[in-house]
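A look at the structure
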Amino acid sequence: MNIAIKKMIETSLIDWEGKIVSTLYVSLCNFRCPYCYNCDLILHPKNFKNIPFQEINNYLVERKDFIDGICMSGGEPTLYPDLPSYFKEIKDEGFLIKLDTNGANPKLLEDLLGLGLVDYIAMDIKSSLDFDNYSKAAGIKDKILLERVKDSIKLIMNSKIDYEFRTTVVPLLHTEETIMKIVKYLSGAKKYVLQNFSPLEKTLEPSFQKIIPYSAEEIQELIEKAKRYVSNCYYR
Ligand code: SF4
C-alpha cells in the first residue's frame, strides 16, 4: 500500500476524546496554512523515513488489549488513494479509526463513509467559507479546493458517524466576524472546537511565530457567541 506514514505517536490519550490511540502522520498536503506546525513533514518529506504498514500493524495487534484504534493525521491523509485499503486492514483487526482531514477530497471521504471504514472525523475549517479568507488561512490558490471543502462539510453533517469541525484561531486570520460566519455556515453541526494558535512551535510561515495569540478569555467569549449556532462548541 502506498501511504507515506512518516511519524507515529505510539500511545496518545489526547487525539480522540475518551480513546487510547496510536496517531499516524502522513507527509503530503495540498494546503499551505501559514500557521502549520507540521511544516517539516509537508515541506521536507524525504527527511523522514516511511514506517511500513506491517510494523504499525504488529505494534497495534500486540497491544490490542489497551489500544482502541488509530488517529490518521498529517499532512492530508485523503490525498492517498490507498487510504480505504489501509483502513480496511486496520478495521479487520478490530480497531477503531479516526480521520483528521482538511476536507479537500470529498470523493474519498464519501467512499470511506460508504464502506464504514471511519468511526470519527475531525475536519479543519480554516476560515469563513469565502475564497478571500479561505485562501489566506489555508494557503490555497484554486477555488475548486474551497468547493470541495464545502462538499465535505455537507457529507460529514449528513453522515451517521460522530464528528467535529475545528478551527485553529489565529489573530491575523480570524476576527469575531470570521468565527461567526463559520458557525452560521455550520449551524446545527454536532460539534465545533476552537483551538488557540500557539506561536511556541515552528510555523510554516516563520513570521507567524511573532503573533500573539488570543487570550483564553477572548476565545471563551467567542465560544459563548458561537453557541447560538452550534450549541456543542468548546475550547481545546
Ligand atoms: S495545517 Fe494546513 S498545511 Fe498543515 S497539514 Fe494541516 S492542512 Fe496541511
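Presented here is an overview of the structure given in this document. Predicted model, so just to flag it, every value in this text is computed and none were measured.

Counting through the fold element by element, Ile-97 comes out in strand 4 (residues 96–101). According to the relative accessible area criterion, Ile-97 is buried, its value standing at 0%. C-alpha of Ile-97 to C-alpha of Ser-22: the two residues are 75 residues apart in sequence and 9.9 Å apart in space. Not counting residues within four places of it along the chain, the set of residues in contact with Ile-97 comprises Trp-16, Ile-70, Phe-87, Ile-90, Lys-91, Leu-117, Val-118, Asp-119 and Tyr-120.

Turning to helix 4 (residues 106–114), a few remarks are in order. By the burial criterion, the buried members of helix 4 are Pro-106, Leu-108, Leu-109, Leu-112 and Leu-113. Along the axis of helix 4, the buried residues cluster in a sector spanning 160°; they form a single face. Along helix 4, the residues that are exposed and aim more than 90 degrees away from the buried face are Lys-107 and Gly-114. If you follow the buried residues of helix 4, they end up packed against helix 3 (83–92), strand 4, strand 5 (120–124) and helix 6 (143–157). Two residues or fewer after helix 4 comes Gly-116, characterised by a positive phi angle close to 65°.

Right, let's talk about the pattern of salt bridges for a bit. In the structure shown here, the tally under the stated rule is 17 salt bridges. Notably, a salt bridge pairs Glu-147 with Lys-150, separated by 3.5 Å at the nearest N-O pair. Taken as a pair, Glu-147 and Lys-150 lie in helix 6 at a separation of three residues, close to a single helical turn. Residue Glu-147 is classed as partly exposed on the basis of its relative accessible area, which comes to 39%. Here Arg-236 makes a salt bridge to Glu-164, at a shortest N to O gap of 2.9 Å.

Moving on to the sheet that holds strand 4. One open sheet accounts for eight strands, arranged 1-2-3-4-5-6-7-8; its pairing is mixed. The open sheet terminates on both sides in strands that have one partner only, identified here as strand 1 (5–12) and strand 8 (233–235). Averaged over all pairs of adjacent strands, the angle between strand axes in this sheet comes to 20°, irrespective of strand direction. The sheet strands contacting helix 8 (residues 216–226) are strand 6 (162–169), strand 7 (192–196) and strand 8, and the helix crosses strand 8 at an angle near 175°.

Parameters at a glance
- Residues numbered from 1 in each chain as written.
- Predicted model: local features only at pLDDT ≥ 70, side-chain atom pairs only at ≥ 80, totals over all residues.
- Heavy atoms only, no water.
- Helix = DSSP H or I, 4+ residues; strand = E, 2+ residues; numbered from the N terminus.
- Buried < 20%, exposed > 50% of the residue type's maximum accessible area, 1.4 Å probe, protein only.
- Contact = heavy atoms within 4.5 Å.
- Arc of directions from axis to C-beta.
- Salt bridge = Lys/Arg side-chain N within 4 Å of Asp/Glu carboxyl O.
- Pairing = 2+ DSSP bridges.
- Axes fitted to C-alpha atoms, helices over the stretch in contact; angles between N-to-C directions.

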